[in-house]
Amino acid sequence: MRSFLRILSDILIIALVVVMAYSGYQLYLMLSEYHESDVTYQESANTYSKPTDDAEKCPITVDFDELTAVNPDVVGWIYCEDSQVNYPVLHAEDNDKYLHMMYNGEYNKAGSIFMDCANNPDLSDLNTLIYGHHMKNGSMFAMLHEYRSQEFYEGHKVFWYLTPVNTYKLYPIAGYVGDSVAEVYSHFTEPEQLDSYLAFAFSHSDFQADYIPKVIDRIVVLSTCAYEFEDARYVVICVPELFE
């Protein structure tokens, strides 16, 4: 009997060691991917975007000629000061391609920041959708969750969105937790749809924006995963304005 119990104990110990080793290996892989993504996108920021020192201009410039030579799916660049958001924006024929692929074509769970395949890259739609993962190390679009705080909004009142043709300021006007199949993920075709949605967004927003244009004819929706319930999303609704 003792021999049996000892064998059983040894088996349990071995099983525990195997589980711990497997868990450790999975953690190593996850951290390695996080590191690879961070390094890749930091290199992209250093290579293709440059800071400017003119307070009257956009705080960065982007070399789209060099960037699109690497990947023609790049349609823009999104940047927010004092945050980790400083990324190229991709646009493909479907919404799966860049879920787990970086802008350079390499596989990584962090994926890319990408625009909905049904949108026009020039932000001309009534609602343009831009997606990014909520990474545990704070990269990609994880910072969107910070808009639950009025204080965070006060320090981050604008995103910059650059394209090969134009530069835009994106002004956050609302942010909240929603569902992945919510109305905003459909593509509005009538101004009345946008007006109705904006009334909903304002009534559910976690922060109060101090700048809301009197006339809003289009929005940019920044979207990432949330975990309050199954298929939850956190969205930050922005108004794009052309920066001259």
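Residues numbered from 1 in each chain as written. Predicted model: local features only at pLDDT ≥ 70, side-chain atom pairs only at ≥ 80, totals over all residues. Heavy atoms only, no water.

(A) Fine view of the pairing of strand S9 (residues 219–225). S9 sits mainly inside the fold: six of its seven residues count as buried. In this structure, strand S6 (residues 127–131) lies alongside S9, joined through five bridges in parallel fashion. By the bridge assignment, Tyr 131 is partnered in S9 with Ser 223. Sheet analysis places S9 next to strand S10 (residues 232–242), joined by six bridges and oriented antiparallel. Note on S10: the bridge partner recorded for Val 221 is Ile 237. (Buried < 20%, exposed > 50% of the residue type's maximum accessible area, 1.4 Å probe, protein only. Helix = DSSP H or I, 4+ residues; strand = E, 2+ residues; numbered from the N terminus. Pairing = 2+ DSSP bridges.)

(B) A look at the pattern of salt bridges. Per the counting criterion, the structure on display carries four salt bridges. Among the salt bridges present, the one from Asp 210 reaches Lys 157, with a minimum N-O distance of 2.4 Å. With Asp 210 in the loop between helix H4 (191–204) and S9 and Lys 157 in the loop between helix H3 (150–155) and strand S7 (159–162), this pair connects stretches of sequence that are 53 residues apart. It is possible to trace a salt-bridge network through shared partners that takes in Glu 154, Lys 157 and Asp 210. (Salt bridge = Lys/Arg side-chain N within 4 Å of Asp/Glu carboxyl O.)

(C) Broad picture of the nonpolar core. Residues Trp 77, Ile 78, Phe 159, Tyr 161, Leu 222 and Ile 237 are the most contacted members of the largest nonpolar core, which totals 70 residues. A per-element tally of this core places S10 first, with seven residues. (Core = buried A, V, L, I, M, F, W, Y, C linked by side-chain atoms within 4.5 Å.)

(D) Local environment of the sheet that holds strand S3 (residues 74–79). The eight strands are arranged S3-S4-S5-S6-S9-S10-S8-S7 in a closed barrel whose pairing can be described as mixed. The average undirected angle you get between the axes of adjacent strands in this sheet is 30 degrees. In this fold H4 packs onto strand S8 (167–179), S9 and S10, with an angle of close to 70 degrees to the strand it touches most, S8. (Axes fitted to C-alpha atoms, helices over the stretch in contact; angles between N-to-C directions. Contact = heavy atoms within 4.5 Å.)

(E) Seen up close, H4. Taking 1.5 Å of rise per residue, the 14 residues of H4 would be expected to cover 20 Å, and the 20 Å separating its terminal C-alpha atoms lies within 8% of that figure. Against S8, S9 and S10 lie the buried residues of H4. (Expected span 1.5 Å × (residues − 1).)

(F) Region of the structure containing the side chain of Thr 40. Position of Thr 40 among the secondary structure elements: in helix H1 (residues 2–48). Relative accessible area serves as the criterion here: at 10%, Thr 40 is assigned to the buried category. A distance of 2.9 Å separates a polar atom in the side chain of Thr 40 from the backbone oxygen of Glu 36. Excluding anything up to four places from it in sequence, Thr 40 contacts Met 102, Tyr 103 and Asn 104. (Polar contact = N/O pair within 3.5 Å; in protein donor to acceptor, adjacent residues only side chain to side chain.)

(G) Quick look at the packing of aromatic side chains. Within this structure, the stated rule accounts for 14 aromatic pairs. When the ring of Tyr 41 is compared with that of Tyr 87, the centres are 5.3 Å apart and the planes differ by 90 degrees; the resulting orientation is edge-to-face. Of this pair, Tyr 41 sits in helix H1 while Tyr 87 sits in strand S4 (residues 86–91); the two residues are 46 residues apart in sequence, bridging distant segments of the chain. The two residues Tyr 41 and Tyr 87 agree in class, both being buried. Taken together, a centroid distance of 6.3 Å and an interplanar angle of 35 degrees make the contact between Tyr 197 and Phe 200 tilted. With a gap of three residues between them, Tyr 197 and Phe 200 both fall in helix H4, about one helical turn apart. (Phe/Tyr/Trp six-rings, centres within 6.5 Å; stacked < 30°, edge-to-face > 60°.)

(H) Quick peek at the pairing of S6. In terms of burial, S6 is largely enclosed, as five of its five residues are buried. Both faces of S6 are covered, namely the face carrying Asn 127, Leu 129 and Tyr 131 and the face carrying Thr 128 and Ile 130. Note that strand S5 (residues 113–115) and S6 share two bridges and pair antiparallel. Paired with Met 115 across the two strands is Ile 130, which belongs to S6.

(I) Main features of the state of the cysteines. Applying the stated criterion across every chain yields a total of zero disulfides. In this model Cys 238 remains outside any disulfide bridge; the closest cysteine sulfur is found in Cys 80, 9.1 Å from its own. (Disulfide = S-S within 2.5 Å.)

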